[in-house]
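In case you want the letters, here they are:
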Amino acid sequence: MDRPETVGELTEVLRGGGYLSDRGLSTSVFVALSLDRPLLLEGEVGVGKTEIAKVLAEVLGRRLIRLQCYEGIDTNQALYEWDYARQMLQIRALSERGLDDDQAVDRLYGPKFLLERPLLEAVRAGDRAVLLVDEVDRADDEFEAFLLELLSDFQITVPEIGTIAAERPPLVILTSNRTRELHDALKRRCLYHWVGYPSAERELEIVLVRAPGISATLARKVVAAVNRLRGMDLAKPPGVAETIDWVRTLDVLGESELTTGAVEDTIGAVVKERDDLDAVRDDLERVTFGA
């Protein structure tokens, strides 16, 4: 589809794709689409930062291109690499045919030997793509500086081929779990939105949309229990993704009530740190209170 004309229309389009966005997040995405600005989403783990990029690509009819950041990622892994194995085969074939002129060598660095990585793919795709730069906080400072330069002009120079530029930039969604502070320069280049935990009512609505067929009564009890877990002193409080996993786990096991036994059997679906598990198992009555 074309770009939504209003924030309300975008919210409904996202809902149709199974993503329930609040007014603030929908507004940020709408402005990013309208102004061709990257959007930086920060927030807790499991609150839907990555998922919105996937849904946007689906509902807008665009290609999703994902760059997963990690410690030590470099520009070659993000931009492009040369297919050295194929080049060596070409060199062998040229040698057998006695071809060693400059043009033959130049062809070794032609487009058919170029392996596109996510950033070059996104520049070439332009506004036919959604570029997801996931967990940018895991990359190092040098990569962040390089990414800032790319986001400024959306063009890449391949020395052997030339400059490749996007006619219209892709929609860029960057996510961060705040494992470290991002530089102000990158933040200034982007629009910014903090994605927090939803209210209990909104989370229940999300669960029922993402897990259709689940008992609303069970879902309501699970959402309440997850909110109690977030109130405990846990190293990694559960996100919305864990709430959905927990409801689905209980449903698969045929559990219709959130009993102490059911919680103890399935708590690994929602709490995923050893010390957190011990803390929860020592206080199961608090988790199931009122269930």
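Residues numbered from 1 in each chain as written. Predicted model: local features only at pLDDT ≥ 70, side-chain atom pairs only at ≥ 80, totals over all residues. Heavy atoms only, no water.

(A) Molecular detail of the state of the cysteines. This model, assessed by the stated rule, comprises 0 disulfides. Here Cys-69 stays free of any disulfide, with the sulfur of Cys-190 as its closest cysteine sulfur at 12 Å. Taking relative accessible area as the criterion, Cys-69 reaches 1% and is therefore assigned buried. Residue classification places Cys-190 among the buried positions, given a relative accessible area of 6%. (Disulfide = S-S within 2.5 Å. Buried < 20%, exposed > 50% of the residue type's maximum accessible area, 1.4 Å probe, protein only.)

(B) Region of the structure containing the pattern of salt bridges. Counted under the stated rule, the structure contains 22 salt bridges. Its salt-bridge partner being Arg-178, residue Glu-42 comes within 3.3 Å of it at the nearest N-O pair. One end of the pair, Glu-42, is in strand β1 (residues 39–43); the other, Arg-178, is in the loop between β8 (171–176) and α9 (184–189), with 136 residues separating them in the sequence. A residue is classified by how much of its surface remains accessible, and Glu-42, at 1% relative accessible area, is buried. For Arg-138, the salt bridge goes to Glu-135, with nearest N and O atoms at 3.2 Å. The class for Arg-138 is partly exposed, based on a relative accessible area of 41%. Shared partners join several salt bridges into a network, and the residues in it are Glu-42, Arg-178, Glu-181 and Lys-187. (Salt bridge = Lys/Arg side-chain N within 4 Å of Asp/Glu carboxyl O. Helix = DSSP H or I, 4+ residues; strand = E, 2+ residues; numbered from the N terminus.)

(C) Spotlight on the pairing of strand β9 (residues 191–195). Only one face of β9 is buried, namely the one carrying Leu-191, His-193 and Val-195, since none of Tyr-192 and Trp-194 on the opposite face is buried. Bridge count for β1 against β9 is 5 bridges, and the pairing is parallel. Within β9, the residue paired with Leu-41 across the bridge is His-193. (Pairing = 2+ DSSP bridges.)

(D) Spatial organisation of helix α8 (residues 141–153). Every buried residue belonging to α8 is among Phe-143, Glu-144, Phe-146, Leu-147, Leu-150 and Leu-151, and all of these are buried. Burial along α8 is one-sided: seen end-on, the buried residues are contained in an arc of 160°. Seen from the buried face of α8, the exposed residues on the opposite side, beyond 90 degrees, are Glu-142 and Glu-149. Looking one or two residues beyond α8, the residue adopting positive phi is Phe-154, at roughly 50°. (Arc of directions from axis to C-beta.)

(E) A look at the packing of aromatic side chains. Using the criterion set out here, one finds 1 aromatic pair in the structure. Ring plane angle 50° and centroid distance 5.7 Å describe the contact between Phe-143 and Phe-146, whose orientation is recorded as tilted. Placement of the pair is Phe-143 and Phe-146 together in helix α8, with a separation of 3 residues, close to one helical turn. Residue classification places Phe-146 among the buried positions, given a relative accessible area of 18%. When the ring centre of Tyr-197 is taken as origin, the NZ or CZ atom of Arg-230, which lies over that ring, is 4.3 Å away. (Phe/Tyr/Trp six-rings, centres within 6.5 Å; stacked < 30°, edge-to-face > 60°. Lys NZ or Arg CZ within 6 Å of the ring centre and 35° of its normal.)

(F) Focus on the nonpolar core. In terms of nonpolar packing, the biggest core is built from 36 residues, with Leu-119, Val-133, Val-136, Phe-143, Leu-147 and Leu-174 touching the most fellow members. Counting only elements with at least two residues in this core, the list comes to β2 (63–68), β3 (80–82), α7 (118–125), β5 (129–134), α8, β6 (155–158) and β8. (Core = buried A, V, L, I, M, F, W, Y, C linked by side-chain atoms within 4.5 Å.)

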